[in-house]
Amino acid sequence: MEKKTKIIIWITLILILLWFIYQNSETYKRKIDEYNFKQLEIVKNVLDWKKLDLYEFQTLSEFNKKYNLNIKPKKNCYYISSENWDEEYIFWFQLVSIYYKTKYNSDNYAFPKNDLSDKLIYLWMWSNYVPKSPLDHYHRIISSHCKK
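Rules and cut-offs
Residues numbered from 1 in each chain as written. Predicted model: local features only at pLDDT ≥ 70, side-chain atom pairs only at ≥ 80, totals over all residues. Heavy atoms only, no water. Buried < 20%, exposed > 50% of the residue type's maximum accessible area, 1.4 Å probe, protein only. Helix = DSSP H or I, 4+ residues; strand = E, 2+ residues; numbered from the N terminus. Arc of directions from axis to C-beta. Contact = heavy atoms within 4.5 Å. Phe/Tyr/Trp six-rings, centres within 6.5 Å; stacked < 30°, edge-to-face > 60°. Pairing = 2+ DSSP bridges. Axes fitted to C-alpha atoms, helices over the stretch in contact; angles between N-to-C directions.

1. Observations concerning helix H2 (residues 60–67)
Among the residues making up H2, those that are buried are Leu60, Phe63, Asn64 and Tyr67. Buried positions in H2, seen along its axis, are confined to an arc of 95° and lie on one side of it. Asn68 lies just past H2 and shows a positive phi near 50°.

Next comes the structure, spelled out in structure tokens:
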């Protein structure tokens, strides 16, 4: 076999291997996002059912304790709170797959509304906190592991 042919075969094999690794990684990330959306459905069902008796909660651990649940993220943490501006609660998490980041045109997903930036700036202007930027606090939560 000619030297050029061997090089082309090796390059092709390496590219196929890299593509396989990338696909597996993206599939894993997509499963994490799908898991997070399933956890959101549990939260929505519980809070829709409990609307008249809505407890106040500011963290995932408080939410789990008050509603006797075991909501656990696979990666990073969820921001969940009943202290929200227009809605009764917020459930926010970081997207990790390219598919969902592209679908929602964002690195994050928040329910019930995914339009957080302007409202968060307003909220933080009137709060006692002075973070480096209005979203720092929230991004720190959803981009790190949950505290027990």
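2. A few points about the side chain of Ser97
With respect to the element layout, Ser97 can be found in the loop between strand S2 (90–94) and helix H3 (98–104). Overall, Ser97 belongs to the buried group, its relative accessible area being 0%. When neighbours within four sequence positions are excluded, Ser97 is seen to be in contact with Glu26, Lys29, Arg30 and Asp33.

3. Digging into the packing of aromatic side chains
Counting across every chain of the model gives 16 aromatic pairs. Seen from their ring centres, Tyr100 and Tyr104 are 6.4 Å apart, and the 10° between their planes marks the pair as stacked. Taken together, the positions of Tyr100 and Tyr104, both in helix H3 and four residues apart, correspond to about one turn of that helix. Assessed through its relative accessible area of 11%, Tyr100 is described here as buried. A relative accessible area of 26% places Tyr104 in the partly exposed class.

4. Focus on the sheet that holds S2
Read from one edge to the other, the open sheet built from three strands follows the order S1-S2-S3, with strand pairing classed as antiparallel. Each end of this open sheet is capped by a strand with a single partner; those strands are strand S1 (79–81) and strand S3 (108–111). Adjacent strand axes in the sheet meet at a mean angle of 10°, parallel and antiparallel pairs treated alike. Of the pairings in the sheet, the one linking S2 to S3 comprises four bridges and is antiparallel in character. Across the sheet, the residue bridging to Phe93 is Tyr109, located in S3.

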